Amino acid sequence: MAEYAHPEFLVETEWVAQHLDDPSVRIVESNEDALLYDTGHIPGAVRVDWFTTLQHPVRRDFLTKEEFEALCSSLGISNDTTVVFYGDKSNWFAVYAFWLFEYYGHEKRKVMNGGRARWIAENRPLTTEVPSYPPTTYRAKEPDASIRAFRDDVMRHIQERLPLVDVRSPKEYTGELLHMPGYPQEGAQRGGHIPGAVNIPWAQAVNEDGRFKSPEELRQLYQSRGVTPDKEIIAYCRIGERSSHTWFVLKYLLGYPKVRNYDGSWTEWGNLVGAPIEKGEGSQV
């Protein structure tokens, strides 16, 4: 069976179990459900909450470079630390955190295949003890704009007919739902999708146990829809967490060289005055 393009960025639960006491490794849990960490987490794992930790407190943006440095320092993460991310929802926000760590230049990053659910299914140890590590002196790099898309980039993709991948549920894509299923308070003013976007829901990239599908299956999933490695690609969802999952699949599992995540996603586009929107099935998978 073919190997992933960059297998060094993905580890199995057994690898994590073998490195629980490795001082050069920091395990990070990042969940959609902020309460899960307190109910039990991998021993030694620290919590990085996507909303309270990674977001700017006022404007819609990430924490600043200086705030990112302070965060890493407080978690005992140095520039040489290997950071392993895992979480719920097949690693939605774990990969979102991975993406942000790449944005600020942290080099040694890995995702635990299968996430939190896989660890628990294998009856591996959990603890409620919150670890504490000596602070470090962390130095972040300037933001890497090549992995992040803004609305002007999306407009260019529409004009030049470059690939846009809508990873939301089919009903969000068609405009039947203004919000993610089960989250009616988190919708946008308008429903539908960005013109020209193909709908390849993020979950089609994982198996039932939450682990990623094989390289062959993933290649077929995207290339059969015109999402090929020779093109510039932008993935989007509602706020950028589900699309960061697809970004990881395309960039690190399939080796696509030009993939960006549009974290403004539908909560920006669906509320943006004058932005073009399509409704209906369009290029739905």
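Conventions and cut-offs
Residues numbered from 1 in each chain as written. Predicted model: local features only at pLDDT ≥ 70, side-chain atom pairs only at ≥ 80, totals over all residues. Heavy atoms only, no water. Helix = DSSP H or I, 4+ residues; strand = E, 2+ residues; numbered from the N terminus. Contact = heavy atoms within 4.5 Å. Domains from an automatic or database assignment. Polar contact = N/O pair within 3.5 Å; in protein donor to acceptor, adjacent residues only side chain to side chain. Nonpolar A, V, L, I, M, F, W, Y, C, P; charged D, E, K, R; others polar.

S.K.: Mind laying out the environment of Tyr-256, listing which residues take part and the relevant values?
M.R.: For Tyr-256, the position within the fold is in the loop between α9 (241-253) and β9 (259-262). With 27 residues separating them along the chain, Tyr-256 and Pro-229 place their C-alpha atoms 4.7 Å apart. Not counting residues within four places of it along the chain, the set of residues in contact with Tyr-256 comprises Tyr-222, Gln-223, Val-227, Thr-228, Pro-229, Ile-233, Leu-250 and Lys-251.

S.K.: So what's going on with the domain arrangement of the protein chain? Residues and values would help.
M.R.: For the protein chain, the domain assignment lists domain 1 (7-143) and domain 2 (146-269). With centres defined by C-alpha atoms, the gap from domain 1 to domain 2 works out at 23 Å. In this complex, domain 1 contributes 24 residues to the contact, which on the side of domain 2 involves 27 residues. The tally of links between domain 1 and domain 2 comes to 9 residue pairs in polar contact (both at pLDDT 80 or more). Breaking the side of domain 1 that touches domain 2 down by element, the ones donating at least two residues are α4 (92-103) and β5 (109-112). Of the residues forming the side of domain 1 that touches domain 2, the biggest block, 8 residues, is contributed by α4. Taken together, the residues of the side of domain 1 that touches domain 2 break down into 12 nonpolar, 4 polar and 8 charged.

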